[in-house]
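Examining the three-dimensional arrangement
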Amino acid sequence: MSGVVISGTGLWIPEHQLTNEELVDCYNKHVDVYNEEHATAIANEEQTAKAYSSAAFIEKASGIKSRYIYQKKGVLDLDRMRPDIPVRDNSELSDQAEMAIHAAKKAMANAGKDASDIDAVIVSCAYTQRSYPAIAIEVQDALGIEGFGFDMLVACSAATFALQRAYEMVKAGTAKCVLAINPELTSPQVNYKDRDSHFIFGDVSIATIVEQKDTCNSSGSFEILSTKAFTKYSNNIRSNFGYVLNANDSDPLGKEQYFSQNGRSVYKEVCPMAAEHIADHLSSIDVKNEDVKRWWLHQANINMNKLICSLLLNRQPSEEEAPIVLDEFANTASAGSLIAFNKYSGDFQSGDLGLICSFGAGYSIGSLIVRKL
Ligand code: CO8
């Protein structure tokens, strides 16, 4: 067995952008309408008035300035405040398969692979838009790939966990070349009427080719030296929407069904956990923290990434060492660390080491140590 490499990635960005200012403006108009409609109950202290959101708070607390969105229509409409994504006929490509295919084609081109080279497709993300048939099988069919495909859900760690499955499949010889795709369509699960979370997420799609070193003919490839996964149950980040709502008569659009979190606790609990996970992973293959040229970290919050790196390096990381993409993309669930890898790995020289790491809901943490070939 010759080793396993990442031979190419492909990033697809939706055409619509949504700034903090646009989101906040709409949210604050919603607050005015809400507080006026509930004025009596608020005055009688039966209900709490909603408070304004602020673009300055969002940028300071998270580092997020903007995000891309698959369908902007509807989100800034006060009477809707949800994306308006038209229903597609069963004979049409699904939205998520379309997002996946955009990124897959770019990854295949970057890795120098065509459909006949690939024998497995993984679609892995925070949500899939339906249960079955798997989005991965739809993508496999549309691209003309022989072999097999399956979907996986691991929230923010969906991308790293999928790359770990791809690595293991190639290593075990159950697949020769895997196309792993993360079409993160998060916007339908964002509660745009909730001040604490309306700004957090964006949509994007990223794809990665994982194959044997022997078959790799791409100049931009990275050998995967090691992978490590960790999970620990926590209720601090939840999304309750699911098919059982139909049976328990809950409102599928009720606010308790959307993404929600206890952001402060997540911050406090996940940062030390992620730093410990990374340090243990690096030391397990005798790599010193200082020998890592770049930290392609999950993109939820700029302050989290700075804290995790400072725990690892005993100093603040430079922008080159720990690149940030969340200012432009926001939190794109699992895709963030791979967007950073896609955009900030071109300057690597042969032998340079880097670490890809995600952390989030579950809790889940996934990491890969990679070396430029
Ligand atoms: N505008 C103005 N003020 C605000 C706003 C706002 N939008 N939101 C909150 N405030 C106020 C609060 O009310 C609070 O006021 P007070 O002090 O009077 O009580 C004050 O600002 C401070 O609030 P917080 O303590 O909540 O603010 P933080 O500094 O903690 O920042 C963050 C909030 C940015 C959410 C921060 O806690 C954070 O980033 N935490 C980590 C979160 C994280 O990484 N979560 C992972 C989530 S994603 C994931 O795991 C996968 C999910 C899958 C995808 C889901 C797609 C939908």
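First things first, this report covers the structure right here in the doc. Note that the structure is predicted; figures quoted are calculated from it, not measured.

What surrounds the ligand is a group of 27 residues, the closest being C156, R195, Q261, R264 and N301. Taking R264, its side chain carries an N or O atom lying 2.6 Å from an oxygen atom of the ligand. Separating an oxygen atom of the ligand from a side-chain N or O atom of N301 is a distance of 2.7 Å. For the ligand, the accessible surface in isolation is 1,200 Å², of which the surrounding protein chains cover 76%. Mapped by element, the contributors of at least two residues to the shell around the ligand are α3 (55-62), β10 (259-261) and α8 (263-284). No other element matches the four residues that α8 contributes to the shell around the ligand. Its residues assigned to classes, the shell around the ligand comprises 15 nonpolar, nine polar and three charged.

Moving on, we come to the state of the cysteines. Summed over the entire model, instances satisfying the criterion amount to zero disulfides. Free cysteine C125: the closest other cysteine sulfur is in C156, separated by 12 Å. You can see C357 has no disulfide; the closest cysteine sulfur is in C309, sitting 9.8 Å from it. Using a relative accessible area of 0% as the deciding quantity, one classes C357 as buried.

Quick look at the nonpolar core now. Within the largest apolar cluster, 46 residues are counted, with the highest numbers of intra-cluster contacts made by I278, L282, W295, L297, I308, L355 and F359. Of all the secondary structure elements, the ones that give two or more residues to this core are α1 (20-37), α3, α8, β11 (294-297), α9 (302-313), β12 (353-360) and β13 (364-372). Considering each element in turn, this core owes the most residues, eight residues, to α8. Once residues lying within four places of it in the same chain are set aside, the contact partners of L282 are V287, N289, V292, W295, L355 and I369. In this structure, I6, I122, A340 and F348 belong to the second largest nonpolar core, which totals 37 residues.

What follows deals with the packing of α1 against α3. Relative orientation of the contacting elements α1 and α3 amounts to 130°, with a least axis distance of 9 Å. On the basis of the axis angle, α1 is oblique to α3. Viewed along their axes, α1 and α3 form a crossing whose handedness is right-handed. Mapping the contact onto sequence places N20, E21 and V24 in α1 and A55, I58 and E59 in α3. Class assignment of the residues belonging to the contact of α1 with α3 gives a composition of three nonpolar, one polar and two charged.

So, how was this worked out
- Residues numbered from 1 in each chain as written.
- Predicted model: local features only at pLDDT ≥ 70, side-chain atom pairs only at ≥ 80, totals over all residues.
- Heavy atoms only, no water.
- Near = heavy atom within 4 Å.
- Polar contact = N/O pair within 3.5 Å; in protein donor to acceptor, adjacent residues only side chain to side chain.
- Areas by Shrake-Rupley, 256 points an atom, 1.4 Å probe, with all protein chains shown as cover.
- Helix = DSSP H or I, 4+ residues; strand = E, 2+ residues; numbered from the N terminus.
- Nonpolar A, V, L, I, M, F, W, Y, C, P; charged D, E, K, R; others polar.
- Disulfide = S-S within 2.5 Å.
- Buried < 20%, exposed > 50% of the residue type's maximum accessible area, 1.4 Å probe, protein only.
- Core = buried A, V, L, I, M, F, W, Y, C linked by side-chain atoms within 4.5 Å.
- Contact = heavy atoms within 4.5 Å.
- Axes fitted to C-alpha atoms, helices over the stretch in contact; angles between N-to-C directions.
- Parallel < 35°, antiparallel > 145°, perpendicular 65-115°, else oblique.
- Left-handed = near helix turned anticlockwise from the far one by under 90°.

By themselves, these figures tell us nothing about what the structure is for.
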